Amino acid sequence: MSDTTQEQSTPRPTWRVMLRSAATSSYLTSFLAIVVALLIGAILIGAADAQVQQTAAYLFAQPSDFFGAVGHAVGGAYSSLFQGAVVNVSTANNAADVIAPITKTIAYSVPLIFAGLALGIGFRAGMFNIGAQGQIILGAVLCGYVGFSWHLPIVIHVIVCLIGAFVGGALWGFIPGILKAKTGANEVIVTIMLNSIAVFLLGWLLTLQAFRKPTSNAPISPTMDPSAQFPHFFGTPIDLGFVLAILAAVGVWWLMERSTLGFRIRAVGENPDAARTAGMNVSMTYVWVMILSGGLAGLAATSQLLSSASQQLNANIASTFGFDAITVALLGRSKPVGTVLAGLLFGGLRAGGYLMQSVTGTPIDIILVVQSVIVLLIAAPPLVRALFRLPDPERRRRATSRAHARSTREEVTA
Amino acid sequence: MKKLAASAVLITAAALALAGCASAPQSNPSTGATGSASNFLACMISDQGGFDDKSFNQSGFEGLVKAQDELGVTIKSAESQNASDFAPNLESMQTNNCDLTITVGFMLAEATKAQATANPDTHFAIIDDNSIELPNVKPLVFKTSDASFLAGYLAAAYSTTGVVATFGGMQIPSVTIFMDGFVDGVAQYNADSGKTVQVLGWDKATQKGSFTGDFEDQSKGQITTKNFIEAGADVVMPVAGPVGNGAAMAAQDAGNVAIIWVDADGFETAPQYQDLFLTSVMKEIGQSVFDTIKATEDGTYSNTPYVGTLANGGVGIAPYHNFDSKIPQEVKDKINQLQADIASGKLKVVSPSDPQ
């Protein structure tokens, strides 16, 4: 690759730098990013509210009206967001109702955790895998087909579906991996293109008789077999998928921190040239990273298909999880624990968003704005530091080492 | 830089101050509907197109707003961004105790069925789906093929190149039903006149044809239409919501190509292309929503499907507007005749996607 040398001589702010700064940002930065995002969200909620607009016209004549309206709009929206995501205190009839929102949040976090872990592995290896969307779709195709057309006994059916999902995603990850390894093709471009191919592949498959509900002309598959369903816990929306997601997080932690492959992945991510000099097979590492990453992303599809009765494969099965997962992985600093927490936060924003929209009529796009601002701030830690006048950890480290050097010098002269 | 920021702040502050200088109203009239106060709550959930899709979600929402304005009912709405939002949106909406919940699009059928089964005491209605058989779900469906048959006949009669075309956004029944009727209308013209006008983009027998893949990307509509025009088509009917704008752009570039709009009268909803619209195949979704809300409020809700046809005015073709002078009187007469025949049942237009 010809641009490698150039990159070394002039460190341009590329996405590689952005990934690294996101991965090394502190938990404080992440927390502050969330706070700022919610504040910006509050401003937009106020601005979009009809009552606020009305009272703003006579702001100076009667400011109390304006601020009352702002408080009502923002308070109402965020209160229903909270009640939809964490605990419902206003309309609950019993204890189960009170905790129902948090169980939904957990259920919604599952695909985001899987896909976030998948992208995190790629990020740690210095690979910007944008292809989670396509990998989820391929996982859904295989898992779905196995789920509705093969009639297997209970337990075995779920396992076969899980394998199908992993294989589907891994296949879609293998393609950009091998292309990068063999030809140096940029994985960003290849995975974006494969996303489109996956969308149209699924669209085409759904026109085939084999993938279509027999009685219908609509592009929807038959419903999944009852045997191909995750067991639920205590009648809540939480199912085996969440346990598997947590297990996957533990697995990823072990892989990255304890295994030889993980060490290789991290070394390649830090500096591919150094890793190559140290005798590591960088190309094969890229391939393995993409296979693992794709397979984990493929598993995200299972939470859509195996979570409840009446699930069907449709053109929209992957929702926007593949893209939301980029945010989740960045916010989670590509680490398993962070990814799980970020997945829960985004699951909560989704669960709460439904209630916020239905009850207060706040536009659902606010949620997207909040998520986007979080990403923006996470990717640019200096911006957050400037906003809150936080010290630069790098500079402090440099300053302390300089001071240390000076003191030792003084000691020597004395 | 600092100066710039400071002046920007000053200007914004000044603008805010000026904007906020109006005097306060004397008393605060109760906000809400202008009509007679009503406790009736009508709710609506969109599919992933959202309520600003210039197509069927928007038409449905207009019916909801009309009910708010004219009947004084309270309304709540929620937009879905993708298929996984349907069930949660419906569930959250039920916390408002809606008297009637309308779901827009067949994609929401499974979610609607589940919520209607769980809440047997509240009423539901679903647009473009006729698969749910429950006492509290009313399907609102349209025999669009009746109207697009007339549009197909008109297109064939108007075409000078002997080639017309149609394409869809996605291959779903509510789209292909337009294309089936269009193809049959052209066939009718060929049978009547002895000509052989060709239809590109849809084969009714095999149910295969041209689709752009979504209802968003206008550039795909533009490319598809450009290809049709290069193949000789001089009338194109895009059945793809906002993607149709791309078709209109391609037609404008080519000149001498007419567009047949769908869902609403394009002459009014897309005025920038007024000179291109031969006619529009209209589907009165808004009216059906309004009527259903009114009936439910009056206590005359029933789960009998509403089927919009040429006979009841639920579907139809728009006036010819700027093309009025370019269409021979005998063609207009023939179309009026066909319209009457279809409405009376003398002529039957059949599509595999017809509401059963």
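Definitions and limits used
- Residues numbered from 1 in each chain as written.
- Chains lettered and ligands numbered in written order.
- Predicted model: local features only at pLDDT ≥ 70, side-chain atom pairs only at ≥ 80, totals over all residues.
- Helix = DSSP H or I, 4+ residues; strand = E, 2+ residues; numbered from the N terminus.
- Buried ≥ 20, exposed ≤ 12 C-beta atoms within 10 Å, placed from the backbone.
- Contact = placed C-beta atoms within 7 Å.
- Nonpolar A, V, L, I, M, F, W, Y, C, P; charged D, E, K, R; others polar.
- Domains from an automatic or database assignment.
- Pairing = 2+ DSSP bridges.
- Axes fitted to C-alpha atoms, helices over the stretch in contact; angles between N-to-C directions.
- pLDDT = per-residue confidence, 0-100.
- Core = buried A, V, L, I, M, F, W, Y, C linked by C-beta atoms within 7 Å.
- Parallel < 35°, antiparallel > 145°, perpendicular 65-115°, else oblique.
- Left-handed = near helix turned anticlockwise from the far one by under 90°.

### Describing the overall build of chain A
Phase 1: Looking only at helices and strands, chain A has 19 helices and 2 strands in total.
Phase 2: For chain A, buried positions account for 47% of its 414 residues.
Phase 3: Considering only residue pairs separated by 6 or more positions, chain A has 76% of its internal contacts joining residues 24 or more positions apart.

### Comments concerning the interface of chain A and chain B
Phase 1: Listed as interface residues are 30 residues of chain A and, on the opposing side, 29 residues of chain B.
Phase 2: No other element matches the 5 residues that helix α16 (residues 336–360) of chain A contributes to the side of chain A that touches chain B.
Phase 3: Of the residues belonging to the side of chain A that touches chain B, the class tally is 13 nonpolar, 16 polar and 1 charged.

### A look at the domain arrangement of chain B
Residues and elements named next belong to chain B.
Phase 1: Taken domain by domain, chain B consists of domain 1 (41–142) and domain 2 (144–283 + 315–344).
Phase 2: Computed over C-alpha atoms, the centres of domain 1 and domain 2 are 29 Å apart.
Phase 3: If you look at the interface, domain 1 gives 9 residues, while domain 2 gives 10 residues.
Phase 4: Looking at side-chain class alone, the side of domain 1 that touches domain 2 contains 3 nonpolar, 3 polar and 3 charged residues.

### Points about the environment of Leu-338 of chain B
Residues and elements named next belong to chain B.
Phase 1: The residue Leu-338 is located in helix α11 (residues 329–344) in this model.
Phase 2: The buried category is assigned to Leu-338, around which 23 C-beta atoms lie within 10 Å.
Phase 3: Residues Leu-338 and Val-262, 76 residues apart in the sequence, show an inter-C-alpha distance of 19 Å.
Phase 4: Among residues more than four places away in sequence, those in contact with Leu-338 are Leu-150, Tyr-153 and Leu-347.

### Here we look at the sheet that holds strand β10 (residues 235–239) of chain B
The strands that make up a sheet pair up through hydrogen bonds in the backbone, lying either parallel or antiparallel.
Residue and element names in this part refer to chain B.
Phase 1: As summarised here, the arrangement of the 6 strands in space is β7-β6-β10-β11-β12-β14, forming an open sheet in which the pairing is mixed. Because the sheet does not close on itself, it has two edges, and the strands there are β7 (198–200) and β14 (315–317). For this sheet, the mean inter-axis angle between neighbouring strands, taken without regard to orientation, is 15 degrees.
Phase 2: Sheet strands in contact with helix α5 (residues 144–158) are β6 (163–168), β10, β11 (258–263), β12 (277–283) and β14, and its direction is about 170 degrees off that of β12.

### So, the confidence of the model for chain B
All names here are of chain B.
Phase 1: Across chain B, the average pLDDT comes to 88, with 89% of residues at 70 or higher.
Phase 2: pLDDT under 50 marks residues 28–36. Its contacts with residues more than four places away, or in other chains, come to 8 contacts.
Phase 3: For this predicted complex, the interface score ipTM comes out at 0.71, alongside a pTM of 0.78.

### What to know about helix α3 (residues 86–94) of chain B
Phase 1: In terms of burial, α3 of chain B is largely enclosed, as 7 of its 9 residues are buried.
Phase 2: Residues of α3 of chain B that are buried include every one of Phe-86, Ala-87, Pro-88, Asn-89, Leu-90, Ser-92 and Met-93 of chain B, and no others.
Phase 3: If you follow the buried residues of α3 of chain B, they end up packed against α5 (63–85) and α16 of chain A together with β1 (41–45), β2 (74–78), β3 (100–104) and α4 (109–118) of chain B.

### Brief notes about the confidence of the model for chain A
Residue and element names in this part refer to chain A.
Phase 1: Across chain A, the average pLDDT comes to 86, with 88% of residues at 70 or higher.
Phase 2: The secondary-structure element of chain A with the lowest mean pLDDT is helix α1 (residues 3–9), recorded at 43, while helix α8 (residues 156–183) shows the highest, at 96.
Phase 3: Within the model, the stretch residues 1–11 combines pLDDT values under 50 with 2 contacts to residues more than four positions away or in other chains.

### Overview of the nonpolar core
Phase 1: By size, the foremost hydrophobic cluster in this structure holds 107 residues, and its most contacted members are Phe-114, Ala-115, Ala-118, Ile-136, Ala-140, Ala-301 and Ala-325 of chain A.
Phase 2: Setting aside chain neighbours within four positions, we find Ile-136 of chain A in contact with Ala-115, Gly-169, Ala-297, Gly-298, Ala-300, Ala-301, Ala-318, Phe-321 and Gly-322 of chain A.
Phase 3: Judged by nonpolar contacts, the second largest core, of 105 residues, contains Cys-43, Val-141, Val-186 and Ala-270 of chain B.

### Examining the packing of helix α6 (residues 95–124) of chain A against α16 of chain A
All names here are of chain A.
Phase 1: Between α6 and α16, the least distance of the axes is 6 Å, while the angle of their chain directions is 135 degrees. In this view, α6 runs oblique relative to α16, as classed from their interaxial angle. Classified by chirality, the crossing of α16 by α6 is right-handed. Facing Pro-101, Lys-104, Thr-105, Ile-106, Tyr-108, Ser-109, Leu-112, Ile-113, Gly-116, Leu-117 and Gly-120 of α6, the residues of α16 in contact are Pro-336, Thr-339, Val-340, Ala-342, Gly-343, Leu-344, Phe-346, Gly-347, Gly-348, Arg-350 and Ala-351.

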